[in-house]
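# An overview of the molecular structure
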Amino acid sequence: MTLTQLRYLVAIADSRLNITQAAERVHATQPGLSKQLKQLEDELGFQLFTRRGRSLESIAPAGVRVIEHARKVLAEVANIRSYAANERGEYSGRLLLATTHTQARYVLPPAIAAIKREFPQVSVDLRAASESDVLGQLDQADLALISTTGSVPQGGMAVPLFRWRRVLLVPDTHPLAGLQRAPTLAELGRHPLISYESSTRADSSLQRAFAGASVTPQIAMTARDANLIKTYVRAGLGAGLLAEMAVTHGEDGDLRIIPAPAEIPECITWAVIPRGRVLRDYALGLLHWLAPQLDRRDLRRVLEGNQDPEWPPPPAWTQLSQSMAV
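All values derive from a computational prediction rather than experimental measurement.

So, on to the overall build of the chain. Within the chain, the secondary structure is distributed over twelve helices and twelve strands. Residues classed as buried in the chain amount to 45% of the 326 residues present. Contacts spanning at least 24 positions in sequence make up 71% of the contacts within the chain whose residues lie at least 6 apart. Carbon and sulfur atoms make up 51% of the accessible area of the chain, which totals about 16500 Å². Here the chain carries 36 positive and 33 negative side-chain charges, and the mean point of each set is 3 Å from the other.

This is the structure we're talking about:
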């Protein structure tokens, strides 16, 4: 049994039993991958997959257990390599981040630029997805960045980075543009609203806030990208409700920026790290850059299981963005 065979086995499972896609994932040939799978099954003495002709149909019950253990073995091998690279002071490699479009577009650019200056041999693989899909990529990513309205994300160790609020973006001709204050939910409910995809879910913080005020929001349109929301605000489809870090006075000077109703709760952006993962020094550097209130040594001790997590309060985005600009 070899690590290569285990890596191929996991690749097949992650490719939904598509041998061609699995071979592409591990940069192998399809015949070579099939040969390694057969050798592994011959050694184990049972089949890991049920078959229909030459195609894999499903994972056999015994295969489920073997794949589960294979993942653990490969994760520990990756941890050993990361630990060794940190000990050697080796600062080359790949940093894979899973996050939302807003974080990728408006939060991460200066942070990644800083990491590239400090660790020029590191390549960054940024995978932007909708909020509901980000944590699903955590098995492949070094860490994920996701926001919630206070609840702690599940699926790994969650580290609070910073707090942020939502703002309204409207043209100067919009009825809300003349307000010198945040509108109430009742006032906002009289106008079409453009917001993120998650806004339509019944359990979203936006829907809960409106429900608490006995107001039904007029969701005219949703998008996963803040730039698309701005585009349709400019087209006159409604008021845009989006993250404050996605709005700048320079870039959006043609639109009016208004505070969102106070009942719409504040959000926290979290880093979610797979449990038991040994992070490379450059990944820790990125976390510290995004959350300077974190001590790198404490962060490493917590990740290694040598210290209980007691994270300092996360700063507001306005405070953090000012330190980024310095």
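Another aspect to go through is the nonpolar core. Most often, soluble globular proteins keep nonpolar side chains buried together rather than apart. With 48 residues, the main nonpolar core has L161, F162, L242, L287 and L290 as its most contacted residues. Ignoring sequence-local partners within four residues, the contact set of F162 consists of Q103, V107, M245, C267, I268, T269, L290, P314, P315, W317 and L320. Counting 21 residues, the second-largest nonpolar core is a separate cluster that includes L17, A22, V26 and L40.

To describe a pair of aromatic rings, you give the distance between the ring centres and the angle between the ring planes. Counted according to the given criterion, the structure contains two aromatic pairs. Taken together, a centroid distance of 6.1 Å and an interplanar angle of 65° make the contact between F119 and Y282 edge-to-face. Note that F119 is positioned in the loop between α5 (101-118) and β4 (122-129) and Y282 in helix α10 (residues 281-290), a separation of 163 residues in sequence. Side by side, F119 and Y282 carry an identical accessibility label, which is buried.

Moving on, we come to the sheet that holds strand β6 (residues 157-164). Taken in spatial order, the five strands make up an open sheet running β4-β3-β5-β12-β6, and their pairing is mixed. The sheet terminates laterally at β4 and β6, the two strands that pair on one side only. Each adjacent strand pair in this sheet contributes to an overall mean axis angle of 20°, direction not counted. Along the sheet, α10 makes contact with β3 (93-100), β4, β5 (143-148), β6 and β12 (267-273), crossing β3 at roughly 40°.

Attention shifts here to empty space enclosed by the protein. Inspection of every chain in the model, using the stated rule, returns one cavity of 30 Å³ or more. Along its surface, the largest cavity is lined by R277, V278, L279, L284, R300, L303 and E304. For the lining of the largest cavity, the class distribution of residues is four nonpolar, no polar and three charged.

About the cut-offs
- Residues numbered from 1 in each chain as written.
- Predicted model: local features only at pLDDT ≥ 70, side-chain atom pairs only at ≥ 80, totals over all residues.
- Heavy atoms only, no water.
- Helix = DSSP H or I, 4+ residues; strand = E, 2+ residues; numbered from the N terminus.
- Buried < 20%, exposed > 50% of the residue type's maximum accessible area, 1.4 Å probe, protein only.
- Contact = heavy atoms within 4.5 Å.
- Areas by Shrake-Rupley, 256 points an atom, 1.4 Å probe, with all protein chains shown as cover.
- Lys, Arg positive; Asp, Glu negative; His and termini not counted.
- Charge placed at Lys NZ, Arg CZ, Asp CG, Glu CD.
- Core = buried A, V, L, I, M, F, W, Y, C linked by side-chain atoms within 4.5 Å.
- Phe/Tyr/Trp six-rings, centres within 6.5 Å; stacked < 30°, edge-to-face > 60°.
- Pairing = 2+ DSSP bridges.
- Axes fitted to C-alpha atoms, helices over the stretch in contact; angles between N-to-C directions.
- 1 Å grid on protein atoms, 1.4 Å probe; cavity = no way out; pocket = protein on both sides within 12 Å on 5 of 7 lines; lining within 4 Å.
- Points joined across faces, edges and corners; volume = space filled by probe spheres on them.
- Nonpolar A, V, L, I, M, F, W, Y, C, P; charged D, E, K, R; others polar.

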